[in-house]
Amino acid sequence: MQAITPAQLDDWLRQETADGAAAPLLLDVREPWELQTASVPPGPGYELLAMPMRSVPARLAELDRDRPIACLCHHGGRSAQVARFLQDQGYTRVVNVHGGIDLWSRERDLSIPRY
C-alpha cells in the first residue's frame, strides 16, 4: 500500500487528476468526537468524506472503486487498516495519509488543533 504525507498530498492530487478523473476523495475515518476536535478543511482538488472506521464495511457501496481515495485518521494507523481493507475489496487507487491529522496540523495547517 502506498503512503503519502500531508505535505505530499498536493502532488498526489495532481497526479491522480491528470487523466481528467473525478476529484479524489479524502476519506477521514476518525470518530465524530475527533472530527469536532480537529478537522481538515475542504480543499481544492479533493472531496472530503467522514466515515468512521467501524462503518466502512457497511458503507462500502458509497465508495467508487475507480476513484482515487486517500485515507486519513489521527496518526495513520486506522487509515492504513482501512486502506488495506479497501485494497482487499478491489479498490486500486488507495493511499494512506501517513502521520494523519496530527502531521497535517504540523505540515499543512498550523491552525488545526493537535490532540
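Scroll up to find the structure.
One structure accompanies this document, and this report is about it. (Residues numbered from 1 in each chain as written. Predicted model: local features only at pLDDT ≥ 70, side-chain atom pairs only at ≥ 80, totals over all residues. Heavy atoms only, no water.)

Attention shifts here to helix 3 (residues 77-88). End to end, helix 3 covers 17 Å across twelve residues, agreeing with the expected 16 Å (1.5 Å per residue, within 8%). Within helix 3, the full set of buried residues consists of Ser-79, Ala-80, Val-82, Ala-83 and Leu-86. Seen from one end, helix 3 has its buried residues packed into an arc of 165°, which puts them on one side. Of the surrounding elements, those touching the buried residues of helix 3 are strand 2 (25-28), strand 4 (69-72) and strand 5 (94-97). Count one or two residues on from helix 3 and you reach Gly-90, which has phi positive near 100°. (Helix = DSSP H or I, 4+ residues; strand = E, 2+ residues; numbered from the N terminus. Expected span 1.5 Å × (residues − 1). Buried < 20%, exposed > 50% of the residue type's maximum accessible area, 1.4 Å probe, protein only. Arc of directions from axis to C-beta. Contact = heavy atoms within 4.5 Å.)

Moving on to the pattern of salt bridges. Scanning all chains against the criterion turns up ten salt bridges. The closest approach of N and O atoms between Glu-16 and Arg-93, which form a salt bridge, is 2.7 Å. In this pair, Glu-16 is assigned in helix 1 (residues 9-17) and Arg-93 in the loop between helix 3 and strand 5, connecting sequence segments 77 residues apart. Salt-bridge contacts for Glu-47 lead to Arg-67; the nearest nitrogen and oxygen are separated by 2.7 Å. (Salt bridge = Lys/Arg side-chain N within 4 Å of Asp/Glu carboxyl O.)

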